[in-house]
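Listed below, chain by chain, are the residues.
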Amino acid sequence: APDFELGLVAHSDGDVVYHSVVDAILGALTMPDIGQLFPDNDPRLKGADSEVFMHEAYARMLGRGYRIGNVDVTVICQKPRLNVEYSGNQVKSLMMANLARLLRCDASRVNVKARTHEKVDSVGECRALECHVVCVIERGAGADRQPEAVEV
């Protein structure tokens, strides 16, 4: 990820994109949200890698016979900038590839957009960031594959 002098305050690793995608998948399945499944007062989750949450959402989605139709992510932050190159790669392209890997879908089904808040309010002042996700799930081929076991 791009270098930035500030970090996130979180119980787990605080990956706002992963957490938002997990909530979008769970919401599409009409299931409890990420905070109910992975409470921030569970000491086992302190500093947890958010990929664990993604694996669980994926397993629940497959368990109900669904797969990803598409995922559209909008990250809203003043900094770090995401429409940039980092270590020779476009940051958003790396994010999309990583999401597609975790969701076991073609990269063409994942989109990541980034925008700023034009230096207005807590987001624009770099005191907060936002992430919005629209996730379409569909029944179909590949939804009957058994997910790998995930230990929390």
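Residues numbered from 1 in each chain as written. Predicted model: local features only at pLDDT ≥ 70, side-chain atom pairs only at ≥ 80, totals over all residues. Heavy atoms only, no water.

Asker: Looking at this model, I keep getting lost on the overall build of the chain. Mind explaining?
Answerer: Each helix and strand in the chain was counted, giving 5 helices and 5 strands. Beginning at the N terminus, the succession of helices and strands in the chain can be written as α-α-α-β-β-β-α-β-α-β. Per-residue burial for the chain yields a buried fraction of 37% across its 152 residues. A separation threshold of at least 6 residues defines the contact pool for the chain, and within that pool the share at least 24 residues apart is 80%. (Helix = DSSP H or I, 4+ residues; strand = E, 2+ residues; numbered from the N terminus. Buried < 20%, exposed > 50% of the residue type's maximum accessible area, 1.4 Å probe, protein only. Contact = heavy atoms within 4.5 Å.)

Asker: Would you mind showing me how to read the packing of helix 1 (residues 16-28) against helix 3 (residues 51-63) here?
Answerer: The packing of two helices is summarised by the inter-axis angle and the distance between the axes. One can describe the packing of helix 1 onto helix 3 by two numbers: an axis separation of 9 Å at closest approach and a directional angle of 15 degrees. One finds that helix 1 runs roughly parallel with respect to helix 3. Between helix 1 and helix 3 lies a crossing of left-handed hand. Residues Y18, H19, V21, V22, I25 and L26 of helix 1 touch helix 3, and the partners they reach there are E51, F53, M54, A57, R60 and M61. Grouping the amino acids of the contact of helix 1 with helix 3 by side-chain chemistry returns 9 nonpolar, 1 polar and 2 charged. (Axes fitted to C-alpha atoms, helices over the stretch in contact; angles between N-to-C directions. Parallel < 35°, antiparallel > 145°, perpendicular 65-115°, else oblique. Left-handed = near helix turned anticlockwise from the far one by under 90°. Nonpolar A, V, L, I, M, F, W, Y, C, P; charged D, E, K, R; others polar.)

Asker: Sorry if this is basic, but what is going on with the nonpolar core here?
Answerer: Grouped burial of nonpolar side chains is what soluble globular proteins tend to show. V21, I25, V73 and L99 are the most contacted members of the largest nonpolar core, which has 38 residues in total. Mapped onto this core, the elements with two or more residues apiece are helix 1, helix 3, strand 1 (66-76), helix 4 (91-103), strand 4 (110-115) and strand 5 (130-139). Setting aside residues no more than four positions away along its own chain, I25 makes contact with A57, M61, I68, L103 and C135. (Core = buried A, V, L, I, M, F, W, Y, C linked by side-chain atoms within 4.5 Å.)

Asker: How do you make sense of the confidence of the model for the chain when you look at a structure like this?
Answerer: Do not read the predicted coordinates in detail wherever pLDDT is low. Mean pLDDT over the chain works out to 79, with 71% of the residues at or above the 70 mark. When pLDDT is averaged over each element of the chain, strand 1 comes out on top at 94 and helix 5 (residues 121-124) at the bottom at 59. Within the model, the stretch residues 9-13 combines pLDDT values under 50 with 20 contacts to residues more than four positions away or in other chains. (pLDDT = per-residue confidence, 0-100.)

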